[in-house]
Amino acid sequence: MTTFRMPADEAEARAVQDVLRARVVLDEPGPQPGTGRVTGVDVAYDDERDVVVAAAVVLDAATLQVVAESTARGRVSFPYVPGLLAFREIPTVLAALEALPVDPGLVVCDGYGRAHPRRFGLASHLGVLTGLAVIGVAKNPFTFRYEQPGPRRGDFTPLMDGDEVVGRALRTQDATKPVFVSVGHRTGLDNACAHTMLLARDFRQPETTRRADALCRAALREAVA
């Protein structure tokens, strides 16, 4: 079991991010796209009932067929604070990953890695705690700027914070909104985008995210029924 101590307040949470950020590995290319396994993780909340459910769905990277899946239920144990979302999600996500009967391979988060104000979003946090290769594929650019990529599938532009590239705006389908890809841990940005393109064969979002989102929503409905 991966140990995780919940910080007492926002200041301690930011201090934890600052310490763990130094452990992010950025000089590995990452798993070969289209091979092995790839796992999507996602979380659903019921704040009124103080319930959070996480799902992990493992796909065969070549066929996108489901290999294994798991869910975990927990309590919402940290307030919503922009930039500190990982502390609400990671305990339950860790439990879902640890319940899997197979190695997850590359993990894809519905969120951010380096594209984060302190360069340590959920994808980086999860990678450091587990040692897994992790990327973030988000639906919006958070606070960062970008130029619209070209209209065709595979077009991209850099996601910028000042003069620093923190990710990419990537068009996964013709004439649709881009997704926002960033490195989490133990992979590079080219590799992260290549995985994203292979996982988003038919839809804007990667199939990993689509499957994990559906599973955690169904598990939450069951948990609060």
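Figured I'd write up the structure that's included with this text. From a predicted model like this one, the values you see are computed outputs, not experimental measurements.

Scoring rules and cut-offs
- Residues numbered from 1 in each chain as written.
- Predicted model: local features only at pLDDT ≥ 70, side-chain atom pairs only at ≥ 80, totals over all residues.
- Heavy atoms only, no water.
- Helix = DSSP H or I, 4+ residues; strand = E, 2+ residues; numbered from the N terminus.
- Buried < 20%, exposed > 50% of the residue type's maximum accessible area, 1.4 Å probe, protein only.
- Polar contact = N/O pair within 3.5 Å; in protein donor to acceptor, adjacent residues only side chain to side chain.
- Contact = heavy atoms within 4.5 Å.
- Salt bridge = Lys/Arg side-chain N within 4 Å of Asp/Glu carboxyl O.
- Core = buried A, V, L, I, M, F, W, Y, C linked by side-chain atoms within 4.5 Å.

### With respect to unusual backbone geometry
And then number 1: At Leu64, a position not held by glycine, the phi torsion is positive, near 65°.
And then number 2: If you trace the backbone, Leu64 turns up in the loop between strand 2 (51-60) and strand 3 (66-75).
And then number 3: Here Leu64 falls in the buried class, since its relative accessible area comes to 9%.
And then number 4: With phi around 60°, Arg119 is a residue other than glycine that occupies positive phi space.
And then number 5: A residue is classified by how much of its surface remains accessible, and Arg119, at 10% relative accessible area, is buried.

### Notes on the side chain of Arg119
And then number 1: Here Arg119 is to be found in the loop between strand 4 (106-109) and helix 3 (122-130).
And then number 2: Among the polar contacts made by the side chain of Arg119, one reaches the side chain of Asp161 at a distance of 2.7 Å.
And then number 3: At 2.9 Å, the side chain of Arg119 and the side chain of Glu164 are in polar contact.
And then number 4: Leave out the neighbours within four places in its chain, and Arg119 touches Arg21, Gly113, Arg114, Ser124, Phe144, Asp161, Glu164 and Val166.

### Observations regarding the pattern of salt bridges
And then number 1: In this structure the tally under the stated criterion is 15 salt bridges.
And then number 2: Taking the shortest distance from any N to any O, the salt bridge between Arg88 and Asp47 comes out at 3.1 Å. Of the two residues, Arg88 is situated in helix 2 (residues 86-98) and Asp47 in the loop between strand 1 (37-46) and strand 2; the sequence distance between them amounts to 41 residues.
And then number 3: With a relative accessible area of 52%, Asp47 lands in the exposed category.
And then number 4: Glu207 is paired through a salt bridge with Arg211; the nearest N and O atoms lie 3.0 Å apart. Residue Glu207 and its partner Arg211 are both found in helix 5 (residues 207-224); the two are separated by four residues, about one turn of the helix.
And then number 5: Overall, Glu207 belongs to the buried group, its relative accessible area being 13%.
And then number 6: When salt bridges with common partners are traced through the structure, they connect Arg119, Asp161 and Glu164 into a single cluster.

### Focus on the nonpolar core
And then number 1: By size, the foremost hydrophobic cluster in this structure holds 28 residues, and its most contacted members are Val38, Leu106, Val108, Ile135, Val137, Leu170 and Val181.
And then number 2: Elements with a minimum of two residues in this core: strand 1, strand 2, strand 4, strand 5 (134-138), strand 8 (179-185), helix 4 (189-199) and helix 5.
And then number 3: Not counting residues within four places of it along the chain, the set of residues in contact with Val108 comprises Val38, Thr39, Gly40, Val41, Ile135, Val137, Leu199, Thr208 and Thr209.

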